[in-house]
Amino acid sequence: MALNQKNTIDWHLSASDTRVLKGVAICCMLCWHLFYCPNQFGEEFSELTKWFGLMGDVCVSVFLFVSGYGLTIQFGNKNHSNDASGLKFVILRIIKFYSSFWIVLLIVLPIGILVLNRPLIESDSTAEVLQAWFREIFAISGHSSYNSTWWFNTLIIEMYLIFPVLYYGLKYACIPTLLFAFMQRHLSIAHIGLDMQIYIPIFVIGMLFAMYANNITKWCHRFPAWTIYVIAFIGLVAPAIALPLLDRIDYGDPIFYKGIKLYGVLTIAIMMLIVLMRGHCVYSGKCFAFLGKHSSNIYWMHKFFYFYWFPTFFYSLHNPILIFIALMSVCLLLSILLEWIKDVSSYNRFVNGILTKIS
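These numbers were taken from a predicted model, which means no experiment stands behind them.

Okay, the overall build of the protein chain next. Assigned secondary structure in the protein chain consists of 17 helices and zero strands. Taken over C-alpha atoms, the radius of gyration comes to 21 Å for the protein chain, in line with the 21 Å a tight globule of 359 residues would show. For the protein chain, the proportion of its 359 residues judged to be buried stands at 48%. Contacts in the protein chain between residues far apart in sequence, at least 24 positions, make up 78% of those at least 6 positions apart. In the protein chain, which carries 24 positive and 18 negative side-chain charges, the distance between the mean positions of the two groups comes to 14 Å.

For any two helices packed against each other, one specifies the inter-axial angle together with the distance between the axes. Contact geometry for helix α1 (residues 15–35) and helix α3 (residues 58–76): axes closest at 8 Å, N-to-C directions at 160°. It follows that α1 is roughly antiparallel to α3 by the angle criterion. Crossing of α1 over α3 shows left-handed handedness. In contact with T18, L21, K22, A25, I26, C28 and M29 of α1, α3 contributes V58, C59, V62, F63, F65, V66 and Y69. Residues belonging to the contact of α1 with α3 are distributed by class as follows: 12 nonpolar, one polar and one charged.

Turning next to helix α7 (residues 174–183). A turn of α-helix holds 3.6 residues, and therefore any two residues three or four places apart point the same way. Among the residues making up α7, those that are buried are C174, T177, L178 and A181. Around the axis of α7, the buried residues are gathered within 100° of arc, so they sit on the same side. Exposed residues pointing more than 90 degrees away from the buried face of α7 are listed as I175 and L179.

This brings us to the packing of aromatic side chains. If you walk through the whole model with that rule in mind, you get 42 aromatic pairs. Taken together, a centroid distance of 6.2 Å and an interplanar angle of 50° make the contact between Y69 and F209 tilted. Separated by 140 residues along the polypeptide, Y69 in helix α3 and F209 in helix α8 (residues 194–211) bring together distant segments of the chain. With respect to burial, Y69 and F209 carry one shared label: buried. The aromatic ring of Y146 is capped on one face by R118, whose charged end is 4.1 Å from the ring centroid.

So, about the side chain of K303. Along the chain, the position of K303 falls in helix α14 (residues 295–309). Notably, K303 is buried but unbridged: the nearest opposite-charge side chain belongs to D57, and the N-O separation is 12 Å. Engagement of the side chain of K303 in a polar contact is seen with the side chain of S148, the distance being 2.4 Å.

Right, let's get into a nonpolar patch on the surface. On the surface, L87, I91, F350, I354 and I358 cluster together into a nonpolar patch covering about 440 Å² of accessible area. At the level of elements, α4 (85–115) and α17 (347–358) are the ones that each hand at least two residues to the nonpolar patch. No other element matches α17, which puts three residues into the nonpolar patch. Checked against the element boundaries, I358 lands in helix α17. Taking the relative accessible area as the measure of exposure, I358 reaches 30% and is therefore partly exposed.

Our focus in this paragraph is unusual backbone geometry. Of note, A139 is a non-glycine position whose phi angle comes to about 55°, a positive value. For A139, the location among the structural elements is in the loop between α5 (126–137) and α6 (151–172).

Next up on the list: the state of the cysteines. In the structure shown here, the tally under the stated rule is zero disulfides. C220 supplies the cysteine sulfur nearest to C174, a cysteine that is in no disulfide, at a spacing of 17 Å. Not engaged in a disulfide, the cysteine C331 finds its nearest cysteine sulfur in C27; these two sulfurs lie 11 Å apart. Assessed through its relative accessible area of 0%, C331 is described here as buried.

Once that is clear, we can look at the pattern of salt bridges. Scanning all chains against the criterion turns up three salt bridges. Linking K50 and E44 is a salt bridge whose minimum nitrogen-to-oxygen distance equals 3.1 Å. The residue E339 makes a salt bridge to K342 at a minimum N-O spacing of 3.1 Å. You can see E339 and its partner K342 sitting in helix α16 (residues 320–344), three residues apart, about one turn around the helix. Residue classification places E339 among the partly exposed positions, given a relative accessible area of 26%. The buried category is assigned to K342, whose relative accessible area is 5%.

Turning our attention to the packing of α8 against helix α12 (residues 260–276). Relative orientation of the contacting elements α8 and α12 amounts to 25°, with a least axis distance of 10 Å. Relative to α12, α8 is oriented roughly parallel. The element α8 and its partner α12 pack so that their crossing is right-handed. Together, I198, Y199, I202, I205 and F209 of α8 and I260, G264, T267, I268 and M271 of α12 make up the contact between the two elements. Broken down by class, the residue content of the contact of α8 with α12 amounts to eight nonpolar, two polar and no charged.

Here we take up the environment of P239. Tracing the chain through its elements places P239 in helix α10 (residues 225–247). Judged by its relative accessible area of 0%, P239 falls in the buried class. For the pair P239 and G76, spaced 163 residues apart in sequence, the C-alpha separation works out to 33 Å. Setting aside residues no more than four positions away along its own chain, P239 makes contact with M55, I234, P244, L262, V265 and L266.

What counts and how
Residues numbered from 1 in each chain as written. Predicted model: local features only at pLDDT ≥ 70, side-chain atom pairs only at ≥ 80, totals over all residues. Heavy atoms only, no water. Helix = DSSP H or I, 4+ residues; strand = E, 2+ residues; numbered from the N terminus. Rg over C-alpha atoms; globule rule 2.2 N^0.38 Å. Buried < 20%, exposed > 50% of the residue type's maximum accessible area, 1.4 Å probe, protein only. Contact = heavy atoms within 4.5 Å. Lys, Arg positive; Asp, Glu negative; His and termini not counted. Charge placed at Lys NZ, Arg CZ, Asp CG, Glu CD. Axes fitted to C-alpha atoms, helices over the stretch in contact; angles between N-to-C directions. Parallel < 35°, antiparallel > 145°, perpendicular 65-115°, else oblique. Left-handed = near helix turned anticlockwise from the far one by under 90°. Nonpolar A, V, L, I, M, F, W, Y, C, P; charged D, E, K, R; others polar. Arc of directions from axis to C-beta. Phe/Tyr/Trp six-rings, centres within 6.5 Å; stacked < 30°, edge-to-face > 60°. Lys NZ or Arg CZ within 6 Å of the ring centre and 35° of its normal. Salt bridge = Lys/Arg side-chain N within 4 Å of Asp/Glu carboxyl O. Polar contact = N/O pair within 3.5 Å; in protein donor to acceptor, adjacent residues only side chain to side chain. Patch = residues over 30% accessible without salt bridge, like charges linked within 9 Å, V, L, I, M, F, W, Y side chains within 5 Å. Areas by Shrake-Rupley, 256 points an atom, 1.4 Å probe, with all protein chains shown as cover. Disulfide = S-S within 2.5 Å.

Keep in mind that these numbers describe shape and distance, not what the molecule does.
Given below as structure tokens:
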């Protein structure tokens, strides 16, 4: 690449780009859960494998960046002719979420409770049991969910609910909204949970990127192309070096809290890399895009297989590459089957009909 090569990079993310990002994120999620988080067998892996696991926690930030970006693009394309448009948009998004989540829930809960004798809650109180079912069905159990990784369900629903406020805030009062997003963690604001406090900034960055993609593209055109590659490279390398060092320091917070700024930088760098490699890595791009299409199902199902149901099988493979491939293959095949069933059973048509009537 010539040093004086003109920069013609378009920073608008296509639907394919966002699917690739989600595909990368779901691979990162499996690495994080399999090789960094403690497993019940005490299986030890190499330092390199643990490093990949540590880097994998960027998955949450990537998913939130993509969500913020996608919601902003979709909402911006709608006709905001009345004050109810934001509420209607949120309702549609939540219905879409539940329509996919409930199918998975309908499968995994009976298997776990009836077949594997793992109750939803250990309690003799009818009120507590009913409350647990309600919270689980509507994905608001947070970190006490039946599947511990489903805490993200609660977070994304909260992001959906606050999205219109953030959207109009960024549109009409950008600086105050940005200050709120980045400073609210230090203000101890009531009713804002810790997860929201931690992850609102990266969600807002995704929204800003969608709102100002034109400006970002024009601004970047002022610089030679090689400078963009250098920035992306630094954004990848700096967190890769700093996160392991930060992980060894005991601040009282886990790495996914105290390292959130570095994970945010890594998220932007991954996004930049995908844009820069657009059209150059066609086959790998298609693979990640395919995984991204099934990322929600893989996220909802994967921990049941490797942790709750069949842990002896996956960790008995010992080799981290084989463990990763086995888990990804099982989850992907079941997701493909599930999506096929939803299609041939007219379930998707039914859901789309409801969404059309509401919209």
